[in-house]
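The lines below spell out each chain.
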Amino acid sequence: RAKQAGRATYRIFEAQMDLELQERKSLEHDLRQAMLKNQLELHYQPLIDISTKKVAAVEALIRWRHPTRGIVSPIDFIPLAEETNLIVAIGEWVLETACRQALEWPDLRVAVNLSPIQFRNRELVEVVKDVLRRTGLQPERLELEITESVLINDVSSALATLTALKELGVKIAMDDFGTGYSSLGYLNSFPFDKIKIDKSFIGGMSDKDKSGAIVKSVISLGQSLNMVTTAEGVETAEQATFLKAEGCDQLQGYFFSRPVAAEELTRFICDWNDRGYEMTADVAA
Ligand code: C2E
Ligand code: MG
Ligand code: MG
Ligand code: MG
């Protein structure tokens, strides 16, 4: 009887596996079509500079408008895109689209996320160079966001890639700082222009845990290393006020704006420049 029950459980398990595999195959099939069918789009989220009180940059964040599933979040398809190597083509599309879009926002920098797979691709530096040439965007207006995971496996080739990218004139940001190994040696050995403090620390600041202390010390670390510090995931006025008081350079989060389509961001920038911190009075003080 126990044996029978075991077999039944196993069959359910197998059926479940089949379902997941089918689901994955169908998503993979759709993702291969997504670019050709123009289903990918970029949304943009502003980064506010605390000292100038202006929008300093925007981060491009990919969205997939799936014909039946609706909007699919990058969290749900970037891993698949990485496993299938589709990320290389998608990533090039993101770079080109973001750089072209940035031409419409002349005072802003545009930040683009790079997947570790893209980062390790031998052609990355050429791709970035070509995109800059094709679009005519000034290199210093492009910022590439990478996570610590790209650095751990092969330090010397990661350094070579980062150095070559820096030679093109683009900026490099370390994304999600604090969630990976966060070796301070990385900050020492690699030419980062910016540290983005992961949103989990910003969200944790209101609790009685140690996030506030960690955020403070990352900001001062960034200051002493001459790197711009950005806080991601700023959702409340209290968080913004704290970060300002601690000397953080830039703020990004739902408190200011969610990631939105390009036209909507253009409206946001106009409104922001007209009214600025009136919208967020106590951050201005
Ligand atoms: P990320 O680069 O760390 O991007 C920040 C994420 O935090 C975005 O999620 C953004 O929508 C979200 N966020 C912004 N402000 C707030 C806030 O105040 N509260 C909360 N809770 N979340 C906030 P999103 O757009 O879902 O992207 C998730 C991740 O997917 C990104 O994390 C990035 O790692 C990856 N990703 C997005 N676009 C691309 C892309 O074009 N290429 C690659 N390779 N990865 C991408
Ligand atoms: Mg990012
Ligand atoms: Mg991030
Ligand atoms: Mg993140």
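Data block above holds the structure.
Just so we're clear, the structure is a prediction, and the values are computed from it rather than from any experiment.

Engineer: What exactly am I supposed to notice about the pattern of salt bridges here?
Structural biologist: Within this structure, the stated rule accounts for 14 salt bridges. Here Glu96 makes a salt bridge to Arg100, at a shortest N to O gap of 2.3 Å. Remark: Arg100 and Glu96 occur in helix α3 (residues 86-102); sequence separation between them is four residues, near one turn of the helix. The exposure class assigned to Glu96 is buried, which follows from its relative accessible area of 18%. Overall, Arg100 belongs to the partly exposed group, its relative accessible area being 41%. Three or more residues are tied together by salt bridges with common partners; here these are Arg24, Lys25, Glu28, Arg32 and Glu83.

Engineer: It is not clear to me how the pairing of strand β1 (residues 40-49) should be interpreted in this structure. Could you clarify?
Structural biologist: Put simply, side chains in a regular strand alternate between the two faces of the sheet. Of all the ten residues making up β1, nine are buried; the element is thus mostly covered by neighbouring parts of the structure. Judged from the nine bridges that link them, β1 and strand β2 (residues 55-66) form a sheet pairing that is antiparallel. The residue of β2 that forms the bridge with Tyr44 is Ala60. Connecting β1 to the antiparallel partner β2 that follows it, the hairpin turn spans five residues, and Lys53 within it adopts a positive phi of roughly 60°. Here two bridges tie β1 to strand β9 (residues 250-251), and the two strands are oriented antiparallel to one another. Of the residues in β9, the one forming a bridge with Ile48 is Leu251.

Engineer: Please clarify how the packing of aromatic side chains should be interpreted in this entry.
Structural biologist: Two aromatic rings are characterised by how far apart their centres lie and by the angle between their planes. Enumeration according to the criterion identifies seven aromatic pairs in this entry. Between Tyr186 and Phe190, the ring centres sit 6.0 Å apart and the planes meet at 55°, which makes this aromatic pair tilted. Classification of Tyr186 by relative accessible area gives buried; the value is 13%. Feature note: the residues Phe255, Phe256, Phe268 and Trp272 constitute an aromatic cluster, connected by ring pairs.

Engineer: Before we go on, may I ask you to explain the coordination of the magnesium ion (ligand 2) in this structure?
Structural biologist: Each donor-metal-donor angle would ideally measure 109.5 degrees in four-coordinate tetrahedral geometry, or 90 or 180 degrees in six-coordinate octahedral geometry. Ligation of the magnesium ion (ligand 2) by protein atoms is provided by Glu59 (OE), Asn113 (OD1), Glu145 (OE) and Asp175 (OD), these donors lying 2.0 to 2.2 Å from the ion. Read in sequence order, the donor residues for the magnesium ion (ligand 2) give the motif E-x53-N-x31-E-x29-D. A spacing of 3.7 Å is found between the magnesium ion (ligand 2) and the magnesium ion (ligand 3), which share Asp175 as a donor. Taken together, the residues Asn113 in strand β4 (residues 109-113) and Asp175 in strand β6 (residues 171-177) connect sequence positions 62 residues apart. The buried category is assigned to Asp175, whose relative accessible area is 7%.

Engineer: Is there a simple way to explain the site of ligand 1 in this structure?
Structural biologist: Neighbouring ligand 1 are 22 residues, the closest being Arg63, Asn113, Asp175, Glu235 and Tyr254. Contacts to ligand 1 include Glu235, whose side-chain N or O atom sits 2.5 Å from a nitrogen atom. For ligand 1, the protein covers 85% of the area, taking 800 Å² as the surface of the free molecule. A total of four residues in the shell around ligand 1 trace back to one element, the largest contributor, which is β2. Here the residues of the shell around ligand 1 sort into nine nonpolar, five polar and eight charged.

Engineer: Explain the packing of helix α5 (residues 124-135) against helix α7 (residues 155-168) to me, please; I cannot follow it from the model alone.
Structural biologist: Helix packing for two helices is described by the angle between their axes and how far apart those axes are. For the pair α5 and α7, the least separation of the axes is 10 Å and the interaxial angle reads 15°. Here α5 lies roughly parallel to α7, going by the angle between them. For the crossing formed where α5 meets α7, the hand is right-handed. Contact residues: α5 offers Leu124, Val125, Val128 and Lys129, while α7 offers Thr161, Ala164, Leu165 and Leu168. The residue inventory of the contact of α5 with α7, partitioned by class, reads six nonpolar, one polar and one charged.

Engineer: It is not clear to me how the side chain of Glu28 should be interpreted in this structure. Could you clarify?
Structural biologist: For Glu28, the location among the structural elements is in helix α1 (residues 2-34). Beyond its immediate stretch of four places on either side in the chain, Glu28 contacts Leu80 and Thr84.

Engineer: I'm lost on the pairing of strand β7 (residues 194-197) in this one. Help?
Structural biologist: The two faces of β7 match: Lys194 and Lys196 on one face and Ile195 and Ile197 on the other face are all buried. Two elements, β6 and β7, share three bridges in a ladder whose sense is parallel. Note that in β7 the partner of Met174 across the bridge is Ile195. Direction of pairing for β7 relative to strand β8 (residues 228-231): parallel, over a ladder of four bridges. The residue of β8 that forms the bridge with Ile197 is Ala231.

What counts and what doesn't
Residues numbered from 1 in each chain as written. Chains lettered and ligands numbered in written order. Predicted model: local features only at pLDDT ≥ 70, side-chain atom pairs only at ≥ 80, totals over all residues. Heavy atoms only, no water. Salt bridge = Lys/Arg side-chain N within 4 Å of Asp/Glu carboxyl O. Helix = DSSP H or I, 4+ residues; strand = E, 2+ residues; numbered from the N terminus. Buried < 20%, exposed > 50% of the residue type's maximum accessible area, 1.4 Å probe, protein only. Pairing = 2+ DSSP bridges. Phe/Tyr/Trp six-rings, centres within 6.5 Å; stacked < 30°, edge-to-face > 60°. Donors = N, O, S within 2.8 Å, 3.2 Å for Na, K, Ca; no water. Near = heavy atom within 4 Å. Polar contact = N/O pair within 3.5 Å; in protein donor to acceptor, adjacent residues only side chain to side chain. Areas by Shrake-Rupley, 256 points an atom, 1.4 Å probe, with all protein chains shown as cover. Nonpolar A, V, L, I, M, F, W, Y, C, P; charged D, E, K, R; others polar. Axes fitted to C-alpha atoms, helices over the stretch in contact; angles between N-to-C directions. Parallel < 35°, antiparallel > 145°, perpendicular 65-115°, else oblique. Left-handed = near helix turned anticlockwise from the far one by under 90°. Contact = heavy atoms within 4.5 Å.

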